[in-house]
Amino acid sequence: MKPGDRHDRLARARLYVVSGAREKTGDLREFLDAILSAGVDIVQLREKHADAAELIGWGKVFRETTDQHDALFIVNDHPGVALAVEADGVHVGQLDLPPAIARRVVGNSGIVGLSTHSREQWDGPNDDADYLCAGPVWETPTKPGRPAAGLDYIQYAAKSGEERPWFAIGGIDQENLPEVVETGARRIVVVRAITEAKDPAAAVTALVDQLPSPD
């Protein structure tokens, strides 16, 4: 994907999926192809305990499948790995490398995303991020020990006047998505609702059908 297209694609994105390497099921390529075909705009590789060599190996599969579907590929936490696999960008948390440092690695043409969990973090120094995530809306086992930020936080984000793309995240599924949309979110990040679904492509369709177009 051309660098200029990355930010255009980000602006149009509605559904963002975070996935591991699916080592237990052994179906990474098939899984990615299915969800991207069904309408996922961004996929992120997140394997907290993997080494760089493993991430690079899996990242090549992510890169190949996203290229086939004109979608964005983001690497969690590791800007060096993102650079090595020619990912579109990197996502960092509050305790990871600051966005400004990640920016130096991926360059101005790369995408930098940042997680936020409170109003203070939302309003804090985050100018080096191209997009923000707000959550977790509900407590989730993918982030053990992190309390829910709640729907009030999503409403705060929606009313903040933030012009960059931002995504609600945390425990969102087909049943509770209407509540998230009602608070003002137009983009979401999903993990278990798709990665653990019996039919991931159908789960994608069910979510996309409920999402309004980005403002």
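See the structure printed just above.
Residues numbered from 1 in each chain as written. Predicted model: local features only at pLDDT ≥ 70, side-chain atom pairs only at ≥ 80, totals over all residues. Heavy atoms only, no water.

This part covers unusual backbone geometry. Backbone torsion omega between glycine 135 and proline 136 reads 0 degrees, so that peptide bond is classified as cis. Tracing the backbone through its elements, the reader meets proline 136 in the loop between strand 6 (131-134) and helix 7 (151-158). We note that aspartate 70 has phi near 55 degrees; this positive angle belongs to a residue other than glycine. Considering the arrangement of structural elements, one finds aspartate 70 in the loop between helix 3 (52-69) and strand 3 (72-76). Its identity is not glycine, yet aspartate 77 carries a phi of approximately 75 degrees, on the positive side. Structurally, aspartate 77 can be placed in the loop between strand 3 and helix 4 (79-84). (Helix = DSSP H or I, 4+ residues; strand = E, 2+ residues; numbered from the N terminus.)

Mapped onto the fold, arginine 103 is located in helix 5 (residues 99-106). A distance of 2.7 Å separates the side chain of arginine 103 from the backbone oxygen of glycine 110, its partner in a polar contact. Polar side-chain contacts of arginine 103 include one of 3.1 Å to the backbone oxygen of aspartate 128. Among all residues touching arginine 103, those that are not within four sequence positions of it are Asn108, Gly110, Val112, Asp128 and Asp130. (Polar contact = N/O pair within 3.5 Å; in protein donor to acceptor, adjacent residues only side chain to side chain. Contact = heavy atoms within 4.5 Å.)

This part is about the pattern of salt bridges. Scanning the entire structure with this criterion turns up 9 salt bridges. The residue arginine 29 makes a salt bridge to glutamate 64 at a minimum N-O spacing of 2.9 Å. Here arginine 29 is found in helix 2 (residues 28-38), whereas its partner glutamate 64 is found in helix 3, with 35 residues between them in sequence. Residues aspartate 77 and lysine 48 are paired through a salt bridge, measuring 2.5 Å at the closest nitrogen-oxygen approach. Taken together, the residues span a long stretch of sequence, with aspartate 77 in the loop between strand 3 and helix 4 and lysine 48 in the loop between strand 2 (42-45) and helix 3 at a distance of 29 residues. (Salt bridge = Lys/Arg side-chain N within 4 Å of Asp/Glu carboxyl O.)

Any two packed helices are characterised by the angle at which their axes cross and by the distance between the axes. In the contact formed by helix 2 and helix 10 (residues 200-208), the axes pass within 8 Å of each other and the chain directions differ by 25 degrees. Accordingly, the angle class assigned to the pair helix 2 and helix 10 is roughly parallel. Pair helix 2 / helix 10 crosses with right-handed handedness. Between helix 2 and helix 10, the residues in contact are Phe31, Ala34, Ile35 and Ala38 and Pro200, Ala201, Val204 and Thr205, respectively. Looking at the contact of helix 2 with helix 10, its residues break down into 7 nonpolar, 1 polar and no charged. (Axes fitted to C-alpha atoms, helices over the stretch in contact; angles between N-to-C directions. Parallel < 35°, antiparallel > 145°, perpendicular 65-115°, else oblique. Left-handed = near helix turned anticlockwise from the far one by under 90°. Nonpolar A, V, L, I, M, F, W, Y, C, P; charged D, E, K, R; others polar.)

Take the side chain of threonine 195 next. You can see threonine 195 is positioned in helix 9 (residues 192-195). The contacts of threonine 195, once residues within four sequence positions are left out, are Val17, Val18, Ser19, Arg22 and Phe31.

With that settled, the discussion passes to the sheet that holds strand 5 (residues 111-116). One closed barrel accounts for 8 strands, arranged 1-2-3-4-5-6-7-8; its pairing is parallel. For this sheet, the mean angle separating the axes of adjacent strands, direction not counted, is 25 degrees. Pairing geometry for strand 1 (residues 15-19) and strand 8 (residues 188-190), over 3 bridges, is parallel. Residue pairing for strand 8: leucine 15 is matched across the bridge by isoleucine 188. (Pairing = 2+ DSSP bridges.)

Extensive coverage of strand 3 is indicated by the burial of 5 of its 5 residues. Here strand 3 shows two buried faces, one formed by Leu72, Ile74 and Asn76 and the other by Phe73 and Val75. Pairing of strand 2 with strand 3, which is carried by 4 bridges, proceeds in the parallel orientation. Looking across to strand 3, one finds that isoleucine 42 is bridged to leucine 72. Crossover handedness for the path strand 2 to helix 3 to strand 3: right-handed. (Buried < 20%, exposed > 50% of the residue type's maximum accessible area, 1.4 Å probe, protein only. Right-handed = clockwise from strand over helix to strand, strands pointing away.)

Bringing the pairing of strand 7 (residues 166-169) into the picture now. Of the strand pairs in this sheet, strand 6 and strand 7 are connected by 3 bridges, and their pairing is parallel. From the neighbouring strand, cysteine 133 faces strand 7, where its bridge partner is phenylalanine 167. Alignment of strand 7 against strand 8, held across 2 bridges, turns out to be parallel. By the bridge assignment, alanine 168 is partnered in strand 8 with isoleucine 188.

Just geometry here; none of it tells us what the structure is for.
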